[in-house]
Amino acid sequence: DDIIQGLRNLGVTDGDNIFVHSAMSQMAEYICGAELAIIQALCKAVGSTGTVVMPSQSSVYSEPAYWQHPPVPQEWWQTIRDTMPAYTPATAPVGGVGRVPAVFAKQPDVVRSNHPSGSFAAWGKNAHNVISNHSIEYSFGEQSPLATMYNSGFGIVFLGAPFESNTSLHLAEIRATYPDKKSIRQGAPILANGNREWVEFD
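Since we're looking at a predicted model, the values are computed, not measured. (Residues numbered from 1 in each chain as written. Predicted model: local features only at pLDDT ≥ 70, side-chain atom pairs only at ≥ 80, totals over all residues. Heavy atoms only, no water.)

(A) Examining the overall build of the protein more closely. Across its full length, the protein carries seven helices and seven strands. Across the protein, helices and strands are ordered from the amino to the carboxyl terminus as α-β-α-β-α-α-β-β-α-α-β-α-β-β. Against the 2.2 N^0.38 benchmark of 17 Å for 202 residues, the protein shows a C-alpha radius of gyration of 18 Å, consistent with a compact globule. The principal-axis extent of the C-alpha atoms belonging to the protein is close to 55 × 35 × 35 Å. For the protein, the proportion of its 202 residues judged to be buried stands at 46%. As presented, the protein carries roughly 10,900 Å² of accessible surface, and 53% of it is formed by carbon and sulfur atoms. (Helix = DSSP H or I, 4+ residues; strand = E, 2+ residues; numbered from the N terminus. Rg over C-alpha atoms; globule rule 2.2 N^0.38 Å. Buried < 20%, exposed > 50% of the residue type's maximum accessible area, 1.4 Å probe, protein only. Areas by Shrake-Rupley, 256 points an atom, 1.4 Å probe, with all protein chains shown as cover.)

This is the structure in structure tokens:
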């Protein structure tokens, strides 16, 4: 109830569509119910006519040549490409976006997009609309949940997270024109017609 009241104080109302960024380490020292309490409060705050979206990226589903934390030896790269389990929305881990999104993505009424490394998870009235048009090319571009949310007037909520964590800035990066702008060729394992395959994409 306290979290819902805090969201109300921020201006979140019934029927709102919100994109949430969070950092548990910056919230109260003890939250009864921890991540689950925050998720339930967000869903109750927007109600049955609203929508909650969170980033649910899986950085491990990427080209191993770029890995830095930690890097892996070059002689491992092809083995990783050949053997990494295929991305599936229901089972793939969530990493690098915090504890709340990791729990949120696994909730029974939450749906997750099909992008292997740049997925989003959504709950509520517009959840399927947000995640359904997610191109494997340019995961944060014009055919992504970010563009759908931007075009639909979603609000952005920060719960302990700094503005620099704002995932929607990646859409601005895609849309911006500047010298030396370039794309990077990525790769990840996906399921295609029931078969695992390594695909490359920009």
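(B) Region of the structure containing the side chain of serine 117. Mapped onto the elements of the fold, serine 117 is located in the loop between β3 (111-112) and β4 (120-124). When near neighbours in sequence (up to four residues on either side) are disregarded, serine 117 contacts Gln57, Ser58, Tyr61 and Phe201. (Contact = heavy atoms within 4.5 Å.)

(C) Region of the structure containing the pattern of salt bridges. According to the stated counting rule, one finds six salt bridges in the structure shown. For aspartate 202, the salt bridge identified is with arginine 185, shortest N-O distance 3.2 Å. Placement of aspartate 202 in the segment after β7 (195-201) and of arginine 185 in the loop between α7 (169-175) and β6 (186-192) is noted, with a sequence separation of 17 residues between them. Under the relative-accessibility criterion, aspartate 202 is labelled partly exposed at 27%. For arginine 185, a relative accessible area of 39% corresponds to the partly exposed category. Each of the salt bridges in this network shares a partner with another, and the network as a whole consists of Glu137, Arg185, Glu200 and Asp202. (Salt bridge = Lys/Arg side-chain N within 4 Å of Asp/Glu carboxyl O.)

(D) Structural view of the pairing of strand β1 (residues 17-22). Among the six residues of β1, six are classified as buried, and the element is accordingly described as predominantly covered. Because side chains alternate across β1, one face comprises the buried residues Asn17, Phe19 and His21, and the other comprises Ile18, Val20 and Ser22, equally buried. Pairing analysis gives three bridges linking β1 to strand β2 (residues 51-55), with the strands arranged parallel. Within β2, the position partnered with phenylalanine 19 by the bridge is valine 53. In this fold, β1 hands off to helix α2 (residues 34-46), which returns the chain to β2; that crossover is right-handed. The pairing of β1 with strand β5 (residues 155-159) spans five bridges and is classified as parallel. Across the sheet, the residue bridging to histidine 21 is phenylalanine 158, located in β5. (Pairing = 2+ DSSP bridges. Right-handed = clockwise from strand over helix to strand, strands pointing away.)

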